[in-house]
Amino acid sequence: MSLVLDPAAQDLLFREARTANTFSDEPVTDEQIQAIYDLVKFGPTAFNQTPLRITLVRSAEARERLVKHMAEGNQPKTATAPLVAILSADNEFHDELPQLLPHFPQAKDVFFSERPVREQSALLNAALQAAYFIVGIRAAGLAAGPMTGLDFGGVQKEFLDADHTPLMVVNIGKPGDDAWFPRSPRLAYDDVVTTV
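Presented here is a report on the structure given in the accompanying data block. What you see is a predicted model; the values in this text were computed from it and never measured.

Definitions and cut-offs
Residues numbered from 1 in each chain as written. Predicted model: local features only at pLDDT ≥ 70, side-chain atom pairs only at ≥ 80, totals over all residues. Heavy atoms only, no water. Helix = DSSP H or I, 4+ residues; strand = E, 2+ residues; numbered from the N terminus. Areas by Shrake-Rupley, 256 points an atom, 1.4 Å probe, with all protein chains shown as cover. Lys, Arg positive; Asp, Glu negative; His and termini not counted. Charge placed at Lys NZ, Arg CZ, Asp CG, Glu CD. Axes fitted to C-alpha atoms, helices over the stretch in contact; angles between N-to-C directions. Parallel < 35°, antiparallel > 145°, perpendicular 65-115°, else oblique. Contact = heavy atoms within 4.5 Å. Buried < 20%, exposed > 50% of the residue type's maximum accessible area, 1.4 Å probe, protein only. Salt bridge = Lys/Arg side-chain N within 4 Å of Asp/Glu carboxyl O. Left-handed = near helix turned anticlockwise from the far one by under 90°. Nonpolar A, V, L, I, M, F, W, Y, C, P; charged D, E, K, R; others polar. Core = buried A, V, L, I, M, F, W, Y, C linked by side-chain atoms within 4.5 Å. Phe/Tyr/Trp six-rings, centres within 6.5 Å; stacked < 30°, edge-to-face > 60°.

1. Quick word on the overall build of the protein chain
Secondary structure assignment for the protein chain yields 9 helices and 4 strands. Along the protein chain, helices (α) and strands (β) appear in the sequence α-α-β-α-α-β-α-α-α-β-α-β-α when read from the amino end. Along the longest, intermediate and shortest principal axes, the C-alpha atoms of the protein chain span 50 × 50 × 35 Å. On the protein chain, roughly 11300 Å² of surface is accessible, and the fraction owed to carbon and sulfur atoms is 57%. Of the charged side chains in the protein chain, 17 are positive and 26 negative, and the gap between their average positions amounts to 1 Å.

Structure follows, in structure tokens:
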């Protein structure tokens, strides 16, 4: 095999990992989430920007407010997951670029002075970071249940502000009983890769 990563780690992160639909009642701690973030923050993004923002929904009151904005099929699992995270893109990420890109601090003004440009870049790069976050959850031995079946405008109004665009909601925890749907097919290498 051409991969350096141990086969067991490959299974944990990709081959055996799937979206969880039920969770045990074992709690997910702040320390676990911090360890996940401290690992995945090193994933690459354009200009080293870090537009991903993570809102942890812990209180019963906040959970109730979130569940009402989820699609009907996502409501029960969001209501019962040990932890739920709202992932969003910060459209004002450019304010941090002088700190994050010290060799080119003027990138903030040269490339990102216009809001539409920032929004497009924030969306793409926060989505990259969201994918790293999901893999990081798996690396912690937890299961992730990422969902985009939700009222995005409602979630933004309820939990965020005009400068933050919601991307997805992720249920997090140890998988529960009957957590998995059957594995769905994937495209083969030859269906995806073209050499020119």
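2. Focus: the packing of helix α3 (residues 60–67) against helix α8 (residues 152–159)
In the contact formed by α3 and α8, the axes pass within 10 Å of each other and the chain directions differ by 155°. The pairing of α3 with α8 is recorded here as roughly antiparallel in orientation. Contacts between α3 and α8 involve Ala62, Arg65 and Leu66 on the former and, on the latter, Val155, Glu158 and Phe159.

3. Topic: the side chain of Arg63
Structurally, Arg63 can be placed in helix α3. Summary of buried charges: Arg63 has no salt-bridge partner, and the nearest side chain of opposite charge, Glu64, is 10 Å away. Residue contacts for Arg63: discarding those within four places in its chain leaves Val57, Thr78, Ala79, Thr80, Ala81, Pro82, Leu83 and Val84.

4. As for the packing of helix α1 (residues 7–15) against helix α7 (residues 115–139)
Two elements in contact, α1 and α7, have axes whose closest approach is 9 Å; the angle formed by their N-to-C orientations is 130°. Judged by the angle between their axes, α1 and α7 are oblique. By crossing handedness, the relation of α1 to α7 is classed as right-handed. For the pair formed by α1 and α7, the contact residues are Leu12, Leu13 and Phe14 on the first element and Val135, Arg138 and Ala139 on the second. Split into classes, the residues belonging to the contact of α1 with α7 amount to 5 nonpolar, no polar and 1 charged.

5. Quick notes on the pattern of salt bridges
Summed over all chains, the structure comprises 13 salt bridges. The closest approach of N and O atoms between Glu92 and Arg118, which form a salt bridge, is 3.0 Å. With Glu92 in the loop between β2 (83–90) and α5 (97–100) and Arg118 in helix α7, the pair connects residues that are 26 residues apart, well separated along the chain. As far as the burial class goes, Glu92 and Arg118 line up, both buried. Several salt bridges converge on common partners, so that one network encompasses Glu92, Arg115, Arg118, Glu119 and Asp163.

6. Quick notes on the nonpolar core
Core analysis: the biggest nonpolar cluster contains 24 residues, and Ile36, Leu87, Phe133, Ile137, Val170 and Ile172 have the highest contact counts within it. Those elements that provide at least two residues to this core are α2 (30–40), β2, α7 and β4 (164–173). The leading source of residues in this core is α7, at 6 residues. What Ile172 contacts, discounting residues up to four positions off in sequence, is Phe23, Val28, Ile33, Ala81, Pro82, Leu83, Ala85, Phe133, Ile137, Leu142 and Ala143. Phe23, Phe159, Leu160 and Val169 belong to the second largest nonpolar core, which has 16 residues in total.

7. Overview of the packing of aromatic side chains
Aromatic ring pairs are defined here through the distance separating the ring centres and the angle between the ring planes. Under the criterion given, the structure shown has 5 aromatic pairs. Judged by centre distance (6.4 Å) and plane angle (55°), the rings of Phe111 and Phe112 are tilted. The partly exposed category is assigned to Phe111, whose relative accessible area is 40%. Members of the aromatic cluster, each reached through a chain of ring pairs, are Phe47, Phe93, Phe104, Phe111 and Phe112.

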